[in-house]
Amino acid sequence: MKFRPYNEDCITGARRIKAESIDCMICDSPFGIGEDKLDAVYNRKSKHVIKGYVTAPVDYYDFSYRWLKEAYRILKPTGTLYAVSGTTNLDHMIKAAKNCGFKVLNQIVWHYNFGVYTEKKFVASHYVILRLAKCKYPTFYRECRFKAHEHDDAGLSLLYRDLQDVWIIKKEFSRGKTKNPNKLPDELVKKMIQYATKEGDTVCDFFMGNFTTAYVARGLNRKVIGFELNKEAFDYHVPRLKMLKAGYMLNQDRKKDQKKDEDQLKAA
Ligand SMILES: C[S@@+](CC[C@H](N)C(=O)[O-])C[C@H]1O[C@@H](n2cnc3c(N)ncnc32)[C@H](O)[C@@H]1O
């Protein structure tokens with residue numbers, strides 16, 4: 001299964017990609033809050049953090065508009081773009097997406113554990129994931145994770161709960177592990193990919209960071225293309241990814257995997 005990573009700026013690099021060729025995009029752009037300097041806030045030891053995280057330019061609207069415009073060009077007419085955003089620049093992101101021609105189909109709330117402590121306002125404990133598309137009904141594999149007849153022990157529909165637009169998924173503990181700041185949980189990325197693609201489809205990530213999209217998409221036997229400006233992160237992850245067999249997650253015990261998904265739902 002093809003894996004095409006580029007250590008380049010996504011906006012210029014995307015010109016390599018053919019128009020309307022991508023099934024799904026997961027883009028977790030820098031948030032424009034100086035997150036490269038927030039190790040203490042996020043309770044992580046800087047010796048484990050890969051150096052070289054590239055933050056957003058000052059004009060966040062302009063930056064968002066420029067990468068979203070390229071994303072619009074390469075996305076298939078029935079494709080899905082998930083854009084992850086904090087709350088600080090969410091309005092810029094939505095405005096830029098609409099001005100590029102995207103429809104905002106969902107504003108998924110990803111609620112995570114251990115929010116950022118604040119003295120004078122409520123604790124920030126969610127991100128927004130904009131589900132964007134060119135049309136009103138992009139590809140949506142509604143029963144890719146749970147079937148309509150599946151219920152939990154209390155008789156509640158697992159499918160219905162999974163389809164709600166609040167996703168409660170824990171951030172991963174990676175104590176002592178090497179990481180780029182702001183890794184998305186594998187579970188979160190897996191859910192996004194499953195609802196929008198099937199095996200063999202192409203997933204693109206403009207801001208690969210810890211390459212979570214690449215690990216999960218490759219694990220689910222999807223083709224992967226993406227960009228990361230940070231050479232240290234790129235050189236750390238790309239060789240590791242190339243050693244992994246495409247589809248390695250599909251061969252894991254599906255029952256165990258489903259149990260994990262169900263446990264996440266029950267915790268909700
Ligand atoms: C929030 S992180 C992505 C984290 C990723 N989703 C994960 O789970 O690990 C954003 C990443 O975008 C990279 N970046 C910033 N500007 C970029 C650009 N113009 N092109 C490509 N990568 C960029 C940063 O270096 C950073 O690693």
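Everything below is about the structure printed above this text.
Residues numbered from 1 in each chain as written. Predicted model: local features only at pLDDT ≥ 70, side-chain atom pairs only at ≥ 80, totals over all residues. Heavy atoms only, no water.

Caption draft 1: Broad picture of the nonpolar core. In this structure, Tyr-82, Trp-110, Ile-129, Leu-188, Met-192, Ile-193 and Phe-211 are the most contacted members of the largest nonpolar core, which totals 37 residues. Of all the secondary structure elements, the ones that give two or more residues to this core are strand 2 (22–27), strand 3 (75–85), strand 4 (103–116), strand 5 (124–133), helix 4 (158–163), helix 5 (186–196), helix 6 (212–219) and helix 7 (231–243). Broken down by element, the residue count for this core peaks at six residues, all from helix 5. With 33 residues, the next largest nonpolar core counts Cys-10, Leu-75, Ile-225 and Phe-227 among its residues. (Core = buried A, V, L, I, M, F, W, Y, C linked by side-chain atoms within 4.5 Å. Buried < 20%, exposed > 50% of the residue type's maximum accessible area, 1.4 Å probe, protein only. Helix = DSSP H or I, 4+ residues; strand = E, 2+ residues; numbered from the N terminus.)

Caption draft 2: Inspection of the pairing of strand 8 (residues 223–227) at higher detail. In terms of burial, strand 8 is largely enclosed, as four of its five residues are buried. The sheet contact formed by strand 1 (residues 3–6) and strand 8 spans four bridges and is parallel. Bridge pairing in strand 8 links Pro-5 to Gly-226. As paired strands, strand 7 (residues 202–205) and strand 8 are joined by four bridges and run parallel to one another. Looking at the pairing, Val-203 lines up with Val-224 of strand 8. For the crossover that starts at strand 7, traverses helix 6 and ends in the parallel strand 8, the hand is right-handed. (Pairing = 2+ DSSP bridges. Right-handed = clockwise from strand over helix to strand, strands pointing away.)

Caption draft 3: Representation of the pattern of salt bridges in the model. Enumeration according to the criterion identifies 12 salt bridges in this entry. A salt bridge links Lys-191 to Asp-162, with the nearest nitrogen and oxygen atoms 3.1 Å apart. Of this pair, Lys-191 sits in helix 5 while Asp-162 sits in helix 4, placing them 29 residues apart in sequence. The exposure class assigned to Lys-191 is buried, which follows from its relative accessible area of 4%. Assessed through its relative accessible area of 2%, Asp-162 is described here as buried. Note that Lys-231 is salt-bridged to Asp-235, the shortest N-O span being 2.5 Å. Within this pair, Lys-231 and its partner Asp-235 are both found in helix 7, separated by four residues, close to a single helical turn. Members of the salt-bridge network, linked through shared partners, are Arg-145, Asp-162 and Lys-191. (Salt bridge = Lys/Arg side-chain N within 4 Å of Asp/Glu carboxyl O.)

Caption draft 4: The pairing of strand 3, seen in detail. Counting buried positions over the 11 residues of strand 3 gives eight, a clear majority of the element. Inspection of the sheet shows strand 2 paired to strand 3 by five bridges, in the parallel sense. Pairing of Met-25 across the sheet is with Leu-81, part of strand 3. Across five bridges, strand 3 lies against strand 5 in antiparallel orientation. For Val-84, the partnering residue across the bridge sits in strand 5 and is Ile-129.

Caption draft 5: Just helix 5, in detail. Counting buried residues along helix 5, 10 of its 11 residues qualify, which places the element largely inside the surrounding structure. All of the buried residues in helix 5 are Glu-187, Leu-188, Val-189, Lys-190, Lys-191, Met-192, Ile-193, Gln-194, Tyr-195 and Ala-196.

Caption draft 6: Looking closely at the packing of helix 6 against helix 7. Running from N to C, helix 6 and helix 7 cross one another at 5°; their axes reach a closest spacing of 11 Å. With respect to each other, helix 6 and helix 7 are oriented roughly parallel. In contact with Ala-214, Tyr-215 and Arg-218 of helix 6, helix 7 contributes His-237, Arg-240, Leu-241 and Lys-242. Its residues placed into classes, the contact of helix 6 with helix 7 shows three nonpolar, one polar and three charged. (Axes fitted to C-alpha atoms, helices over the stretch in contact; angles between N-to-C directions. Parallel < 35°, antiparallel > 145°, perpendicular 65-115°, else oblique. Contact = heavy atoms within 4.5 Å. Nonpolar A, V, L, I, M, F, W, Y, C, P; charged D, E, K, R; others polar.)

Caption draft 7: Representation of the packing of aromatic side chains in the model. Tallying each qualifying case throughout the model produces 15 aromatic pairs. When the ring of Tyr-6 is compared with that of Phe-227, the centres are 5.6 Å apart and the planes differ by 25°; the resulting orientation is stacked. You can see Tyr-6 sitting in strand 1 and its partner Phe-227 sitting in strand 8, a full 221 residues away along the chain. Here a set of aromatic residues connected by ring pairs shows up, and it is made of Tyr-6, Tyr-60, Phe-63, Trp-67, Phe-206, Phe-207 and Phe-227. For the cation-ring pair, Lys-134 lies above Tyr-72, with the distance from its terminal atom to the ring centre recorded as 4.7 Å. Positioned over the ring face of Tyr-112 is Lys-171, at 4.0 Å from the centre of the ring. (Phe/Tyr/Trp six-rings, centres within 6.5 Å; stacked < 30°, edge-to-face > 60°. Lys NZ or Arg CZ within 6 Å of the ring centre and 35° of its normal.)

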